[in-house]
Amino acid sequence: MTAEPFIDSWRARLVAGLVLVLAASSLVYIHREDLAVLARGEAESVVPANPELAKCLSERNGAVDRMLAEGVIDDAKHTLFKQRAAAMCQDRFGG
């Protein structure tokens, strides 16, 4: 009976699993603040230096917020529309 190479053994799989768990936990630890912001659903509102961009974002976000308040769209569409509005304004006026 020949000895099984280490790379094919259960010990190698155990080591690989530990490396995977350590790598994933390291990534979670490094990005814990980013993940906390995502979990809360709060994004930092940054005022752009470009006044035209700021005006466009303000107008578009206001319109999207009104649609949510009036019940025209739900929360999922609200987030999507805000992202699309930001992309449109940044494309038009730079960002």
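Conventions adopted
- Residues numbered from 1 in each chain as written.
- Predicted model: local features only at pLDDT ≥ 70, side-chain atom pairs only at ≥ 80, totals over all residues.
- Heavy atoms only, no water.
- Helix = DSSP H or I, 4+ residues; strand = E, 2+ residues; numbered from the N terminus.
- Rg over C-alpha atoms; globule rule 2.2 N^0.38 Å.
- Buried < 20%, exposed > 50% of the residue type's maximum accessible area, 1.4 Å probe, protein only.
- Contact = heavy atoms within 4.5 Å.
- Areas by Shrake-Rupley, 256 points an atom, 1.4 Å probe, with all protein chains shown as cover.
- Lys, Arg positive; Asp, Glu negative; His and termini not counted.
- Charge placed at Lys NZ, Arg CZ, Asp CG, Glu CD.
- Phe/Tyr/Trp six-rings, centres within 6.5 Å; stacked < 30°, edge-to-face > 60°.
- Lys NZ or Arg CZ within 6 Å of the ring centre and 35° of its normal.
- Salt bridge = Lys/Arg side-chain N within 4 Å of Asp/Glu carboxyl O.
- Disulfide = S-S within 2.5 Å.
- Expected span 1.5 Å × (residues − 1).
- Arc of directions from axis to C-beta.

(A) Focus on the overall build of the protein chain. Helices and strands together make up the secondary structure of the protein chain, namely four helices and zero strands. Listing each helix as α and each strand as β along the protein chain from the N terminus yields α-α-α-α. By the compact-globule yardstick of 12 Å for 95 residues, the protein chain is too spread out, its C-alpha radius of gyration being 24 Å. Overall, the C-alpha framework of the protein chain stretches about 75 × 30 × 20 Å when taken along its three principal axes. A burial count over the protein chain gives 11% of its 95 residues as buried. In the protein chain, of all internal contacts separated by at least 6 residues, the share reaching a separation of at least 24 is 50%. Summing over all exposed atoms, the protein chain offers an accessible surface of approximately 8000 Å²; the carbon and sulfur share of this is 61%. For the protein chain, the distance from the average position of its 11 positive side-chain charges to the average position of its 13 negative side-chain charges is 2 Å.

(B) Just the packing of aromatic side chains, in detail. Inspection of the entire model under this criterion finds zero aromatic pairs. One residue, arginine 32, lies across the ring of tyrosine 29, its end atom 4.1 Å from the ring centre.

(C) Quick peek at the pattern of salt bridges. Under the defined criterion, the tally for this structure stands at one salt bridge. One salt bridge connects aspartate 65 with lysine 82, and the closest N-O pair in it is separated by 3.4 Å. With a gap of 17 residues between them, aspartate 65 in helix H3 (residues 51–69) and lysine 82 in helix H4 (residues 75–93) connect regions that are remote in the sequence.

(D) Focus on the state of the cysteines. Evaluated as defined, the whole model comprises one disulfide. Note on cysteine connectivity: cysteine 56 is disulfide-linked to cysteine 89, with sulfurs 2.0 Å apart. Taking the torsion about the S-S bond as the criterion, the cysteine 56 to cysteine 89 disulfide, at about -70°, is left-handed. Here cysteine 56, found in helix H3, pairs with cysteine 89, found in helix H4; they are 33 residues apart in sequence, far enough to count as distant. Comparing cysteine 56 with cysteine 89 shows no difference in burial state: the two are buried.

(E) Looking closely at H3. Compared with the 27 Å implied by 1.5 Å per residue over 19 residues, the 27 Å span of H3 between its first and last C-alpha is a close match. Here H3 has its buried residues at Leu53, Cys56, Leu57 and Val64. Around the axis of H3, the buried residues are gathered within 95° of arc, so they sit on the same side. Residues Pro51, Lys55, Ser58, Arg66 and Ala69 are exposed on H3 and point more than 90 degrees away from its buried face.

(F) Spotlight on the side chain of histidine 78. Position of histidine 78 relative to the elements: it lies in helix H4. Those residues within four positions of histidine 78 in sequence are excluded, and the remaining contacts are Val64, Asp65, Leu68 and Ile73.

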